[in-house]
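# Working through the structure, step by step
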Amino acid sequence: MQLQLISIVLILHCMEYTNCQQHHGSRHRLHKQGSGVSTQGCQGGCQTCSVYNGCLTCKPKLFIHLERDGMRQIGVCLASCPNGFYGTRSPDRNDCIKCGSECDSCFNRNFCLRCRAGSYLHKGKCMESCPDGLVPSDTKKECVPACPVDCDSCQTSDTCTRCVPGHYLLHGQCHHICPDEFEPNDSMECVPTVHCEVGEWSEWSPCSRLGKTCGFKRGEETRTRKVLQNPSPMGSPCPQTSEKRDCFVRRRRCKPAKGQRRGEKKKRFNLQEKENGEARRERKREREKEMIDREDSESRNKTEHRRRRDQSRDAGTV
């Protein structure tokens, strides 16, 4: 009975050993086939590769980076290293080396460029709290001065509420000169520049002269446009809002209104009466002058006649 048990145990052990040998041999063959180095059929910038481990070496200037896939690492070739890694170059190969645990990106193992959440960058180091005189900036993820430069007071380390004299506030930042399309106001702030806006031109007015549309041949016509938005002090000024140009029309007489015609008739009658009165007075003055001239002439003739008579009498006496 004991011999039979021993025989069964030996048979089972032998069968297990045989299976193990066969399984180990198949795994060895599979690993040997899968990890075979090849220089043909490699993808993604690989110079040499393995089916099981991916890229083994990269083409010149590319970095080899190992990505974990379960229990194994797969090599890939990249033009630049991913976040959390930095590149090193050597004559033989270019590698991506992992940054320190607190760095999100780094220049080398000892100099961080960006920190992971919960840490703040200061002089290449990632710190949980900033040194004296500095405060953490949640937007920059850095240790920054308590107020930005040129800031007289601030709401946060990134947002000013008032600037030092000679600077102007815009979107929480202080500027020595307001950016393009902004201008300073009396509150030392940069506000948007407002340019003039005008509407469309109106139609040309009827041809007129001195407010009339008749009784002339040459006149003027005008058109205008409205100012829709007045400019700010540094904005573009408004263009011309009215224009005039010469115009020509066929001459025609103006027709007066009914009341105007009656008034004009009365005016003409009065003017005529005035002219007639002046003419009568002028004729009277002329008649009076003629009478005076005639009397003067008669007086001169009488005087001349007496003078001659006296001369003749004196000559007879002699």
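Everything in this summary refers to the structure shown in the same document. Just so we're clear, the structure is a prediction, and the values are computed from it rather than from any experiment. One numbering rule holds for all chains: residues counted from 1, following each sequence as written. Two thresholds apply to this predicted model, a pLDDT of at least 70 for residue-level local features and 80 or more for giving and counting side-chain atom pairs, whereas whole-chain, interface and lining totals are computed over all residues. Excluded from the side-chain calculations are hydrogens and water; all other atoms, namely the structure's heavy atoms, are used.

Right, let's get into the pattern of salt bridges. Salt bridge, as used here: a side-chain nitrogen of Lys or Arg that lies within 4 Å of a carboxyl oxygen of Asp or Glu. Evaluation of the coordinates by the stated rule reveals nine salt bridges. For Asp69, the salt bridge goes to Arg72, with nearest N and O atoms at 3.6 Å. A salt bridge links Asp95 to Arg93, with the nearest nitrogen and oxygen atoms 2.8 Å apart. Exposure categories follow from relative accessible area, calculated using a 1.4 Å probe and restricted to protein chains: below 20% of the type maximum is buried, above 50% is exposed, and the middle band is partly exposed. Owing to a relative accessible area of 19%, Asp95 belongs among the buried residues under this scheme. Assessed through its relative accessible area of 41%, Arg93 is described here as partly exposed. Put simply, Asp104, Arg114 and Arg116 are held in one network by salt bridges that share partners.

Right, let's get into the state of the cysteines. By definition, disulfides here are pairs of cysteine sulfur atoms that lie within 2.5 Å. If you walk through the whole model with that rule in mind, you get 15 disulfides. Here Cys115 is linked by a disulfide to Cys126, with a sulfur-sulfur distance of 2.0 Å. Disulfide Cys115 to Cys126: torsion about the S-S bond roughly -95°, handedness left-handed. Here the residue Cys115 occupies a position in strand S9 (residues 111-115), and Cys126 occupies one in strand S11 (residues 125-127), the gap between them amounting to eleven residues. A run of H or I in DSSP becomes a helix once it reaches four residues, and a run of E becomes a strand once it reaches two; helices and strands are each numbered from the N terminus.

Looking now at the nonpolar core. For the purposes of this section, nonpolar cores are sets of buried Ala, Val, Leu, Ile, Met, Phe, Trp, Tyr and Cys residues that join through side-chain atoms within 4.5 Å. Of all hydrophobic cores here, the largest spans eight residues; its members are Tyr86, Cys99, Cys103, Cys106, Cys112, Cys115, Leu121 and Cys126. Those elements giving two or more residues to this core turn out to be strand S8 (103-108) and S9. Residues in contact with Cys112, not counting those within four places in the same chain, are Glu102, Cys103, Ser105, Cys106, Leu121, Gly124 and Cys126. Of all hydrophobic cores here, the second largest spans seven residues; its members include Cys42, Cys46, Cys49 and Cys77. In what follows, residue pairs with any heavy atoms lying within 4.5 Å of each other are defined as contacts.

This part is about unusual backbone geometry. Excluding glycine, a negative phi dihedral is what most residues carry, and trans is how most peptide bonds are arranged. With a phi close to 60°, Lys141 is a non-glycine residue in the positive phi region. Positionally, Lys141 belongs in the loop between strand S12 (134-137) and strand S13 (142-145). Given a relative accessible area of 31%, Lys141 falls into the partly exposed group. The backbone phi angle of Asp150 is positive, close to 70°, even though this residue is not glycine. Residue position: Asp150 is located in the loop between S13 and strand S14 (151-156). For Asp150, a relative accessible area of 32% translates into the label partly exposed.

All right, on to the side chain of Ser119 then. Tracing the chain through its elements places Ser119 in the loop between S9 and strand S10 (120-122). With residues near it in sequence (within four places) discarded, Ser119 still touches Cys126, Met127 and Lys141.

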